[in-house]
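# Residue-level structural notes
Here are the chains, one letter per residue:
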Amino acid sequence: MAGQMKLVVTLSGRRSLAAICSELEAAGFKIEQTLDSIGVLTGTADQQAIGKLRDVDGVESVEQEQEIDIGPPDGPSW
């Protein structure tokens, strides 16, 4: 998976999910999760494919996934 980035794709809702997914996959996006109720897809793609993903009609944004660590439930708080 060298060169692959974890991405979050936000959809505009202007087109069908199936049509957008098909075009994103053709542009190099490997879909891992479809969160249809909030219009978000997660997956991976090469950095070079990001421009193509952003150009797909119905895509609002393409962002690199950020990891958040809130620590263990019994850990010290600030």
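Described below are features of the structure shown in this document. Everything quoted here is computed from the prediction, not taken from an experiment. (Residues numbered from 1 in each chain as written. Predicted model: local features only at pLDDT ≥ 70, side-chain atom pairs only at ≥ 80, totals over all residues. Heavy atoms only, no water.)

## Points about the environment of phenylalanine 29
Selection rule: Put simply, DSSP H or I for four residues or longer makes a helix, DSSP E for two residues or longer makes a strand, and each gets a number counted from the N terminus. Classification of residues uses two cut-offs on accessible area relative to the type maximum, computed with a 1.4 Å probe and protein chains only: under 20% is buried, over 50% is exposed, and between them is partly exposed. By definition, residues are in contact when any of their heavy atoms lie within 4.5 Å.
Mapped onto the secondary structure, phenylalanine 29 falls in the loop between helix H1 (17–26) and strand S2 (30–35). Residue class for phenylalanine 29 comes out buried when judged on its relative accessible area of 2%. Taking the C-alpha atoms as reference points, phenylalanine 29 and lysine 52, separated by 23 residues in sequence, lie 9.5 Å from one another. Leaving out residues up to four positions away in the same chain, phenylalanine 29 has contacts with Leu7, Val9, Leu24, Leu41, Thr42, Gly43, Thr44, Ala45 and Leu53.

## Focus: the pairing of S2
The cut-off we apply is this: When DSSP locates at least two bridges between a pair of strands, those strands are taken to pair.
Taken together, the 5 bridges between S2 and strand S3 (residues 40–46) define a ladder with antiparallel strand orientation. The partner of lysine 30 across the bridge, within S3, is threonine 44. With antiparallel pairing between neighbouring strands as the criterion, S2 and S3 make up a hairpin whose turn holds 4 residues, including glycine 39 at a positive phi of roughly 70 degrees.

## Focus: the nonpolar core
Note the following rule: Nine residue types can take part in a nonpolar core, namely buried Ala, Val, Leu, Ile, Met, Phe, Trp, Tyr and Cys, and a core is a set of them joined through side-chain atoms within 4.5 Å.
Leu7, Val9, Leu24, Phe29, Leu53 and Val59 are the most contacted members of the largest nonpolar core, which has 17 residues in total. Listing elements by their share of this core, those giving two or more residues are strand S1 (4–11), H1, S3, helix H2 (50–54) and strand S4 (59–64). If you tally residues by element for this core, the top one is S1, at 4 residues. When near neighbours in sequence (up to four residues on either side) are disregarded, leucine 53 contacts Leu7, Leu24, Ala27, Phe29, Ala45, Val59 and Val62.

## Thoughts on the pattern of salt bridges
What counts is decided by this rule: The salt bridge criterion pairs a side-chain nitrogen of Lys or Arg with a carboxyl oxygen of Asp or Glu, the two atoms within 4 Å.
Applying the stated criterion across every chain, the model contains 4 salt bridges. Among the salt bridges present, the one from arginine 14 reaches aspartate 57, with a minimum N-O distance of 3.8 Å. Taken together, the residues span a long stretch of sequence, with arginine 14 in the loop between S1 and H1 and aspartate 57 in the loop between H2 and S4 at a distance of 43 residues. In this structure arginine 14 comes out as exposed when scored by relative accessible area, which is 57%. We classify aspartate 57 as partly exposed; its relative accessible area is 43%. A salt bridge links aspartate 57 to arginine 15; the nearest nitrogen and oxygen atoms lie 3.9 Å apart. Placement of the pair is aspartate 57 in the loop between H2 and S4 and arginine 15 in the loop between S1 and H1, with a sequence separation of 42 residues. Through salt bridges with shared partners, a single network forms among Arg14, Arg15, Glu23 and Asp57.

## A look at the sheet that holds S3
Threshold: Note on method: axes are straight lines fitted to C-alpha atoms, helices fitted across the in-contact stretch only, with angles between N-to-C directions ranging 0 to 180 degrees.
If you trace the 4 strands from one edge of the open sheet to the other, you get S2-S3-S1-S4, paired in antiparallel fashion. Whereas interior strands pair on both sides, the edge strands pair on one side only; in this sheet they are S2 and S4. Each adjacent strand pair in this sheet contributes to an overall mean axis angle of 25 degrees, direction not counted. Bridge count for S1 against S4 is 5 bridges, and the pairing is antiparallel. In the strand pairing of S4, leucine 7 is matched with glutamine 64.

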